[in-house]
Amino acid sequence: MISTRHCRTLTSRILRVSHRTYHELSFLQTGDPSEVLQHYSSENQTHQEEPDQKEGDFVRVHMLAAPWNPADMNVIQGKYPSPVKNPPAQPPSWQGPGWRVAGSEGWGRVMESSTNCNIDPGTLVTLGQSGMGTFRSSLWLPTQAVIPVDRGEELEDTLGSAMASSIFQLGGTALRMLQDFESLGGHSGVVVQNAGNSAVGWMVSQLAATQNVKVVSLVRRGSKTEDEYNEMVDALTQQSTNTTRVIAQDDLLNDKGALKALQAELGTQAPRLAINATGGDSATLLLKLLAPGGTMVTYGGLSMQPVTVATPMLIFKDVKVRGYWHSRWMLQSFPQQRKKMVDELAGLVLDKGVQCPPIEIFSLDRFQDAFQFETEQSAQAVRRKVVFDCQEEAQ
Ligand SMILES: NC(=O)c1ccc[n+]([C@@H]2O[C@H](COP(=O)([O-])OP(=O)(O)OC[C@H]3O[C@@H](n4cnc5c(N)ncnc54)[C@H](OP(=O)(O)O)[C@@H]3O)[C@@H](O)[C@H]2O)c1
């Protein structure tokens, strides 16, 4: 056990409250999140499981906020694989054996750290290892599971906890896909993506704009009215200061002439990189818009349909078909690479005006309202990312 004499502790001075209850959002069995998740709250913190010192250096993180990402839903449904064979153990749930706390990403402040730990109490951190169970008010973590953010206080002051919590996974996924697969600047400088109104799609547009890369963003009209659709197009175009061009994929799928016209218009500016969140017909469209020798990176399967690559695409166009998984990158990269990435993202937000996707904040005990809000989102012109405020009420 870590005893207080082996720890450096943050005084309550910079905390919002001096005493708080513990609470978490956890599940015993996998299934539909609205059926299996439970909000658990306790005023008694004394029975908190503490890590054994022999296992290395630890920090206790007071969670400030944690976003609800599609991967969190898939984990609760039991459909999300682990990026490694033997994933690191999750800090225990207070509900008891067999319970797992939901949530992978998060933003928090280190409250205590073991004596030899190089992270000082007070430091703002983002969670760098998925599966730790971030939907709770506090947890002990091995130091390698957190990434201190150099300009954390500036980020917290500028964005607030909830928005700060949402940039690292969304922005990290977008940044890696933009930087690691194709060299964009010297060539055509155009990227094409689908699900352009998703949160990752938003970040792709924002980050591409800082690199002078243009984005062709495909979106669905779906059940949106013409006014709602136009409002979405305006919002997505303006957020990128006009470097993103928004096109309805329904129009390209239903009208071969419209697709040919777009291909002709892009001409020698055909994108070297396609970023695919959906699979199915929409991914086929991306391949048709890709430049010869270009790369399509798949990071999501929202349509639940496979990615189909026609033989001529491979023989005559020599396209490369790749995948990206941020959880795997976070586990396999070096600590310095992870730290460089989060500090780069913080810098892009603070210095280059990168805007985070809009958010909607819910307290952990209002998780059913959050899910209801999520299901009603497709009718909205501009999507909002659900973020949980993990802080418990003041006592
Ligand atoms: N590989 C990774 O490391 C990684 C990292 C982050 C996210 N992801 C994945 O990336 C995807 C997007 O994540 P996000 O957080 O940005 O999502 P999000 O903000 O929840 O946005 C998803 C939106 O995409 C749109 N969409 C377009 N085509 C769709 C289709 N065929 N089926 C369903 N929705 C479609 C929908 O909006 P409309 O209804 O308005 O069309 C949907 O609401 C998810 O699949 C997620 O799991 C992967």
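Residues numbered from 1 in each chain as written. Predicted model: local features only at pLDDT ≥ 70, side-chain atom pairs only at ≥ 80, totals over all residues. Heavy atoms only, no water.

What follows deals with the nonpolar core. A general tendency of soluble globular proteins is for nonpolar side chains to be buried together. One finds Trp107, Leu155, Phe168, Leu178, Leu207 and Leu273 to be the most contacted residues of the largest nonpolar core, which totals 48 residues. Breaking this core down by element, the ones donating at least two residues are α4 (161–180), α5 (199–210), β11 (214–219), α6 (226–239), β12 (244–248), β13 (273–276), α11 (326–332) and α12 (335–352). For this core, the element with the most residues is α4, which contributes 8 residues. Two domains each provide a minimum of three residues to this core, namely domain 1 (4–165 + 334–389) and domain 2 (182–323). Setting aside anything within four residues of it in sequence, one finds leucine 207 in contact with Gly171, Ala174, Leu175, Leu178, Leu345, Leu348 and Val354. Membership of the second largest hydrophobic core comes to 31 residues, among which are Met63, Ala102, Val110 and Ile119. (Core = buried A, V, L, I, M, F, W, Y, C linked by side-chain atoms within 4.5 Å. Buried < 20%, exposed > 50% of the residue type's maximum accessible area, 1.4 Å probe, protein only. Helix = DSSP H or I, 4+ residues; strand = E, 2+ residues; numbered from the N terminus. Domains from an automatic or database assignment. Contact = heavy atoms within 4.5 Å.)

Note that serine 303 resides in the loop between β14 (295–298) and α10 (311–315). Judged by its relative accessible area of 32%, serine 303 falls in the partly exposed class. For the pair serine 303 and alanine 277, spaced 26 residues apart in sequence, the C-alpha to C-alpha distance is 8.5 Å.

Time to look at the domain arrangement of the protein chain. By a frequent convention, interface size equals the accessible area lost on bringing the separate parts together. By domain assignment, the protein chain separates into domain 1 (4–165 + 334–389) and domain 2 (182–323). Each of domain 1 and domain 2 was reduced to a C-alpha centroid, and the two centroids are 32 Å apart. The interface is formed by 16 residues belonging to domain 1 together with 14 residues belonging to domain 2. Approximately 1300 Å² of surface area, both sides summed, lies buried where domain 1 meets domain 2, with 68% of it carried by carbon and sulfur atoms. Between the two partners, domain 1 and domain 2, sit 0 salt bridges. The tally of links from domain 1 across to domain 2 stands at 2 residue pairs in polar contact (both at pLDDT 80 or more). Among the elements that make up the side of domain 1 that touches domain 2, the one with the highest residue count is α12 (3 residues). (Buried area = accessible area lost by both parts, 1.4 Å probe. Salt bridge = Lys/Arg side-chain N within 4 Å of Asp/Glu carboxyl O. Polar contact = N/O pair within 3.5 Å; in protein donor to acceptor, adjacent residues only side chain to side chain.)

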